[in-house]
Amino acid sequence: MSQSYEIMHATREELDTIIDIYNATIAGRMVTADLEPITVESRMKWFEEHNEHHRPLWVMKNESKIIAWLSFSSFNSKAAYDYTAEISIYISQESRAQGIGSRFLQIALEECPRLQIRNVVALVFGHNAPSLALLRKFGFEQWGLLPGVAIMDGVDRDLVMMGKKV
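Keep in mind that what you see is a predicted model, and the values were worked out from it rather than measured.

*Asks:* An account of the side chain of Arg55 is needed here, citing residue identities and associated values.
*Replies:* Relative to the assigned elements, Arg55 resides in the loop between helix 2 (44–48) and strand 2 (57–62). Polar contacts involving the side chain of Arg55 include one to the main-chain carbonyl oxygen of Thr84, which spans 3.2 Å. With near-sequence residues (within four places) excluded, Arg55 lies in contact with Glu49, His50, Phe72, Ser73, Ser74, Tyr81, Asp82, Thr84, Ala85 and Ile117.

*Asks:* Outline unusual backbone geometry, listing residues and values.
*Replies:* Outside of glycine, negative phi angles account for most residues, and trans bonds account for most peptide bonds. If you check the backbone angles, Glu63 has positive phi at about 55° while not being a glycine. Within the secondary structure, Glu63 is located in the loop between strand 2 and strand 3 (65–74). At Gln116, a position not held by glycine, the phi torsion is positive, near 60°. With respect to the helices and strands, the residue Gln116 is situated in the loop between helix 3 (100–115) and strand 5 (119–125). Taking relative accessible area as the criterion, Gln116 reaches 48% and is therefore assigned partly exposed.

*Asks:* Account for helix 3, naming residues and giving values.
*Replies:* For helix 3, with 16 residues, the first-to-last C-alpha span of 22 Å sits near the 22 Å given by 1.5 Å per residue. The largest bend in helix 3 is about 25°, located at Leu109, with the proline Pro113 one to four residues further on. Taken residue by residue, helix 3 has Ile100, Gly101, Ser102, Phe104, Leu105, Ala108, Leu109, Cys112 and Leu115 as its buried positions. Positive backbone phi, approximately 60°, marks Gln116, located one or two places after helix 3.

*Asks:* How would you explain the pattern of salt bridges if you had to name every residue and give the values?
*Replies:* Scanning the entire structure with this criterion turns up 7 salt bridges. Of the charged contacts, one joins Asp16 and Arg12 as a salt bridge, the two residues approaching to 3.8 Å between their closest N and O atoms. Judged by its relative accessible area of 40%, Asp16 is partly exposed. Residue class for Arg12 comes out partly exposed when judged on its relative accessible area of 35%. We note a salt bridge from Arg55 to Asp82, for which the minimum N-O separation is 4.0 Å. Here the residue Arg55 occupies a position in the loop between helix 2 and strand 2, and Asp82 occupies one in the loop between strand 3 and strand 4 (84–91), the gap between them amounting to 27 residues. Look at Arg55 and you get buried, because its relative accessible area is 2%.

*Asks:* Help me get a handle on helix 4 (residues 129–137), residues and values and all.
*Replies:* Counting along an α-helix, one turn takes 3.6 residues, and residues three or four places apart therefore face a common direction. Turning to helix 4, its buried residues number three or more, namely Leu132, Leu134 and Leu135. Buried residues in helix 4, looked at end-on, bunch into an arc of 160°, giving them a common side. Residues of helix 4 that are exposed and point more than 90 degrees away from the buried face comprise Pro130 and Lys137. For helix 4, the secondary structure elements touched by its buried residues are strand 4, helix 3, strand 5 and strand 7 (155–165). Just downstream of helix 4 lies Gly139, where phi reads positive at about 90°.

Criteria and thresholds
- Residues numbered from 1 in each chain as written.
- Predicted model: local features only at pLDDT ≥ 70, side-chain atom pairs only at ≥ 80, totals over all residues.
- Heavy atoms only, no water.
- Helix = DSSP H or I, 4+ residues; strand = E, 2+ residues; numbered from the N terminus.
- Polar contact = N/O pair within 3.5 Å; in protein donor to acceptor, adjacent residues only side chain to side chain.
- Contact = heavy atoms within 4.5 Å.
- Buried < 20%, exposed > 50% of the residue type's maximum accessible area, 1.4 Å probe, protein only.
- Expected span 1.5 Å × (residues − 1).
- Bend = angle between axes of the 7 residues up to and from the residue.
- Salt bridge = Lys/Arg side-chain N within 4 Å of Asp/Glu carboxyl O.
- Arc of directions from axis to C-beta.

Listed below in structure tokens is the structure:
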């Protein structure tokens, strides 16, 4: 990846690419609990729940091409949880293992005070070593473990809750 990249709030026109990047992870059974590809229509409500001032959905572009996306989502709808957000990062297949996750996560954590986020949580499958390593690199710790809560292709999978106070 060249050094020129930009991060901005996603537009509706970019949702197709966001969904394509997401859907490309499904077959690997390591990143998402979805077992079949999702549609843009099925993600419209999710898209509309994001805004650049509180719960952003950012895209990272390299030479005008979206190579990754990151979202902060509400952890829980109850008011007391408003200062806690769940983070998700998805990187296009051709852009993985190039340090993009680290760059994106660093920027996201720096933006947390502006977004009034005090706690960041990530829900990661226990067998997703690259994502767990990325989070640990940035000071996330295991805050919870849900053993065998997902069954994919007949295999029980653990869900690890990683968290960081920012």
